[in-house]
Amino acid sequence: MAGSELEGMKMEQSRERFANDVDVALAQPASPFAIRNARKVDARGVAEHYWLVSDGSAIIATGNRDADFAAACASVGLDADADSDSVSSADSGNAMTGSAGSVTDAAGRMMTPGYVDIHAHGSWGSSFDDGVQGIRLARAGHMMHGTTRQVLSLITNPLDVMCANLETVHGMMSARPDILGAHLEGPFLALSRKGAHDPECLKDPVPEYVDRLLQAAGGCLRQITIAPELPHGIDAIRRFAAAGVVPAVGHCDADYATARKGFDAGAGIMTHMFNAMNGLHHREPGPIPAAVEDPRVTIELINDGFHVQNPMVRLGFGFAPHRTAFVTDAMAATDCPDSHYLLGALDVDVIDGHARLVSNGAIAGSTLTLEKAVQRAVLELGFTPADAVEAALEALCTADAAAAAAIVKDDGRINNMERDIEHRCMTLLLRQQPVAGDLRRISTAIKVVTDIERMGDHAADIAEIIPHLVTVRRDGDPAVSQAIRMGQKAHKMILDALAALAGEDEPAAQKVIAADDEVDYDFNAIKHTLAEEIAADPAKVDAALDLLMVIKYLERIGDHAVNVAEWVEFVRTGRYHNENMF
């Protein structure tokens, strides 16, 4: 056997052992641990002599005072004075599985939050399309380089294959908290901007195909790339967004106006900006300015110096501060030697770490890791460490952070509109002697806009809580799932209330009034769930209180929607349900 073949076999065996270690670590009950004497780098900045203590499920304390560290360790049953594990001496297995009650001395080394990659296809010779074994190995490859959570990107394939791949991801998620869900890069892409996707498998996103993919995903689909200019592109964006998926504009030839329609329809991501799309032009601006101008949109950027060269990385990063997410678009050859690989059913050659299709030379993904993207940003491009790490974490709250920013911004506009309407109503009252019917309508208008403004206030309240809430509660958390269902009902109440307001539609008003009991029931049910959670583990009280605030505001939004519906019914019929409304 040649030396290179022997080395290859040893590498495969080593990687399989590491993947097994990951499996074991994820199957074990969580144990308390602590890290001390680290150089912490995150979006807030850099801190020296930093420590953290975790109870195994969440970080419960951080700081840089030794006395505080000892107290925090004691609170979870750790001995701060015990001999610490050394980072330098930990082999891969010990670093992964650890030991119960471990205290690690970082010896001044850098510590960052785990990176989150929302667009990658594989690593270590395996793709996320390759079934359970392929996912195990590819995830281990990215975990080795600090990407602790990942959305698994699935390449364009025949629709039946894509549905089966979604079912595989869904089946693994319950046992793999590091898998955040699936990203479909295809099949709804522009032929002219297909990149390394199989042209025979591209489709227009008609409702039948949308429904098939959503059904196969079973709730695991997190995002999907769509060319909005396709005949059913905008409609598909609306359908996916309504189902809780974050559509992404990409692999497109969309003009500026069409891209804006896509974002207004619910798209919240731009797939790898600059790549596989029409670029910037002073008379044909295209999709990039539409994404840059929209605070709701998170913009993906591949920082490998090949997909996007350094001057454009700097330019692009400056376009949307705090909304740019480093992604890898990594394929199976990531962290592997140059060789021949497959991307779906397409042949790919990797030379000098650059992947290209054999058929036409098109770029076929990257061999990048987020670890390398952060290093490049700091060491080659001159970014601050905090900015670079933030970009590797931006995807953590892709939908939530963008939506929260938009809600808070819109709340100010709603407040201004409310003041304007109230001013007009009061002017009418002061300038003339209204008859009783006019007075009733004017006073009702004031009350209606007040209730609508308060719905906006409560939406903004929720938006301010969400960025912290998602750091302590994962998708799939039973209480969160209950809250999402409650939120969907409250959202439907708002839509019905507005429909009633627009047309004085009494049936729509009755729907809102009837739905209020359901939302109140959900509110009480979730409070009961949270009480049981705290009783079982008092350390979870903070996470429970955050969610309690969210459902409280949802319940109040429902109350204000009912008020609007009752005012509509009163103006139309002279009857009202609530005797205390006046």
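Sequence order as written defines the numbering, with residues in each chain counted from 1. Residues qualify for local features only when their pLDDT is at least 70, as the model is predicted, and side-chain atom pairs are given and counted only at 80 or more; totals for whole chains, interfaces and linings, by contrast, use all residues. Excluding hydrogens and water, the side-chain values take into account all heavy atoms of the structure.

Enquirer: Would you mind showing me how to read the sheet that holds strand 10 (residues 147-154) here?
Expert: In sheet architecture, strand pairing relies on hydrogen bonds along the backbone and comes in two forms, parallel and antiparallel. Whether two strands pair depends on DSSP finding at least two bridges between them. Working definition: helices are DSSP H or I runs of at least four residues, strands are E runs of at least two. Numbering for both runs from the N terminus. Taken together, the eight strands give an open sheet; going across it, the order is 7-10-11-12-13-14-15-16, and neighbouring strands pair in parallel fashion. Two strands close off the open sheet at either side, each with one partner strand: strand 7 (115-120) and strand 16 (324-327). When strand 10 meets strand 11 (residues 179-185), the two strands line up parallel, connected through five bridges. Counted as the bridge partner of glutamine 150 is isoleucine 179 from strand 11. Residues count as neighbours in contact if any of their non-hydrogen atoms are within 4.5 Å of one another. Note on definitions: angles span 0 to 180 degrees between N-to-C directions of axes, and those axes are lines fitted to C-alpha atoms, for helices only across the stretch in contact. Contacting strand 7, strand 10 and strand 11, helix 4 (residues 131-143) runs over the sheet at an angle of about 135° to strand 10.

Enquirer: Looking at this structure, how should I read the confidence of the model for the protein?
Expert: Parts of the model with low pLDDT should not have their predicted coordinates read in detail. pLDDT runs from 0 to 100 and stands for how confident the predictor is about each residue. With 82% of its residues at a pLDDT of at least 70, the protein reaches an overall mean of 82. Contacts for the low-pLDDT stretch residues 399-409, under 50 throughout, to residues beyond four places or in other chains number 17 contacts.

Enquirer: Just checking my understanding: could you explain the environment of glycine 279 for this structure?
Expert: Along the polypeptide, glycine 279 turns up in the loop between strand 14 (269-270) and helix 9 (287-293). The buried label goes to any residue with under 20% of its type's maximum accessible area, the exposed label to any with over 50%, and the partly exposed label to all in between, with areas taken from a 1.4 Å probe on protein chains only. Looking at glycine 279, the relative accessible area reads 38%, which means it is partly exposed. Sequence spacing of glycine 279 and aspartate 253 is 26 residues, and the spatial spacing of their C-alpha atoms is 9.2 Å. In contact with glycine 279, not counting residues within four places along its chain, are Glu284, Pro285 and Ile288.

Enquirer: Sorry, what's going on with the pattern of salt bridges here?
Expert: Salt bridge, as used here, is a side-chain nitrogen of Lys or Arg placed within 4 Å of a carboxyl oxygen of Asp or Glu. This structure, assessed with the given rule, holds 18 salt bridges. Between arginine 139 and aspartate 178 there is a salt bridge, with the nearest N and O atoms lying 2.8 Å from each other. Residue arginine 139 is found in helix 4, and its partner aspartate 178 is found in the loop between helix 5 (159-173) and strand 11; the two are separated by 39 residues along the sequence. For the pair shown, arginine 139 and aspartate 178 are each scored as buried. Between aspartate 253 and arginine 193 there is a salt bridge whose closest N-O contact spans 3.2 Å. With aspartate 253 in the loop between strand 13 (246-249) and helix 8 (256-265) and arginine 193 in the loop between strand 11 and helix 6 (207-217), this residue pair connects regions lying 60 residues apart in the sequence. Among the charged side chains, a network of salt bridges with common partners joins Glu16, Asp23, Arg136, Arg139, Arg176 and Asp178.

Enquirer: I'm lost on helix 5 in this one. Help?
Expert: Structurally, the α-helix is built with 3.6 residues per turn, so residues lying three or four positions apart point the same way. Relative to the 21 Å expected for 15 residues at 1.5 Å per residue, helix 5 spans 21 Å between its end C-alpha atoms, a close match to the ideal helical length. The complete set of buried residues in helix 5 reads Leu159, Met162, Cys163, Asn165, Leu166, Val169, Met172 and Met173. Here the expected length of a helix is defined as 1.5 Å per residue gap, with one fewer gap than residues.

Enquirer: Hey, could you run me through the packing of helix 6 against helix 7 (residues 233-242) in this one?
Expert: Angle between the axes and distance between the axes are the two parameters that describe a pair of packed helices. Following both chains from N to C, one finds helix 6 and helix 7 inclined at 25°, their axes separated by 10 Å at the closest point. Relative to helix 7, the element helix 6 is oriented roughly parallel. In terms of crossing hand, the pair formed by helix 6 and helix 7 is right-handed. Across from Pro207, Val210 and Leu214 in helix 6, the residues of helix 7 making contact are Asp235, Ala236, Arg239 and Phe240. Here is the rule for angles: anything less than 35 degrees is roughly parallel, anything more than 145 is roughly antiparallel, 65 through 115 is roughly perpendicular, and the remaining ranges are oblique. Take the far helix as the reference: if the near one is turned anticlockwise from it by less than a right angle, the crossing is left-handed, and if turned clockwise, right-handed.

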